Amino acid sequence: MPVPFEALIPLGLITGFFGASGILFSKLKTSISEGQPTRYGLDRWDRVMLDRDYRLTGTQRGQSHEPSAPTGFSTSSAWTLESERVK
């Protein structure tokens, strides 16, 4: 039994739109990650290092090759300031 010609047009449209949306979503995720593959399964240490890299370079995936941190890095600590408890 042959496939009617009218059924191939919607099938092609649906396949094309799903393919285009998948490609656009993949390109969006890659551009957010600055052209590098997306990171999966990040533990606490990885997140701390991502935060450190962000504070050093200003981008989440950027890394610095300088041997010393910039001057503003000493005051941009990731630790929250707590008031000391006096007993």
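Just above sits the structure.
Summarised in this report is the structure supplied together with it.

Definitions and limits used
Residues numbered from 1 in each chain as written. Predicted model: local features only at pLDDT ≥ 70, side-chain atom pairs only at ≥ 80, totals over all residues. Heavy atoms only, no water. Helix = DSSP H or I, 4+ residues; strand = E, 2+ residues; numbered from the N terminus. Buried < 20%, exposed > 50% of the residue type's maximum accessible area, 1.4 Å probe, protein only. Contact = heavy atoms within 4.5 Å. Areas by Shrake-Rupley, 256 points an atom, 1.4 Å probe, with all protein chains shown as cover. Salt bridge = Lys/Arg side-chain N within 4 Å of Asp/Glu carboxyl O. Patch = residues over 30% accessible without salt bridge, like charges linked within 9 Å, V, L, I, M, F, W, Y side chains within 5 Å.

**With respect to the overall build of the protein chain**
The helix and strand inventory of the protein chain stands at 2 helices and 0 strands. The buried share of the protein chain, taken over its 87 residues, is 6%. A separation of at least 24 residues holds for 27% of the contacts in the protein chain among residues at least 6 apart in sequence. Counting every atom, the protein chain has about 8,200 Å² of accessible surface; 63% of that belongs to carbon and sulfur.

**A few points about the side chain of Asp53**
With respect to the element layout, Asp53 can be found in helix α2 (residues 44-57). The class of Asp53 is buried, set by a relative accessible area of 7%. Not counting residues within four places of it along the chain, the set of residues in contact with Asp53 comprises Gly58, Thr59, Gln60, Gly62 and Gln63.

**Observations concerning the pattern of salt bridges**
Counting across every chain of the model gives 1 salt bridge. In this structure, the salt-bridge partner of Asp53 is Arg52, at a minimum N-O distance of 2.9 Å.

**Some words on the environment of Glu34**
You can see Glu34 is positioned in the loop between α1 (5-32) and α2. On the basis of relative accessibility, which here comes to 40%, the residue Glu34 falls in the partly exposed class. Along the backbone, Glu34 and Thr59 are 25 residues apart, and their C-alpha atoms lie at a distance of 8.8 Å. The contacts of Glu34, once residues within four sequence positions are left out, are Thr59, Gln60, Arg61 and Gly62.

**With respect to a nonpolar patch on the surface**
A surface patch of nonpolar side chains, about 780 Å² in accessible area, is lined by Val3, Phe5, Leu8, Ile9, Leu11, Leu13 and Phe17. Along the chain, Val3 turns up in the segment before α1.

**Things to note about the side chain of Ser33**
On the secondary structure map, Ser33 appears in the loop between α1 and α2. Residue Ser33 is classed as buried on the basis of its relative accessible area, which comes to 10%. Once you skip the residues sitting within four places of it in the chain, Ser33 turns out to touch Thr38 and Arg61.

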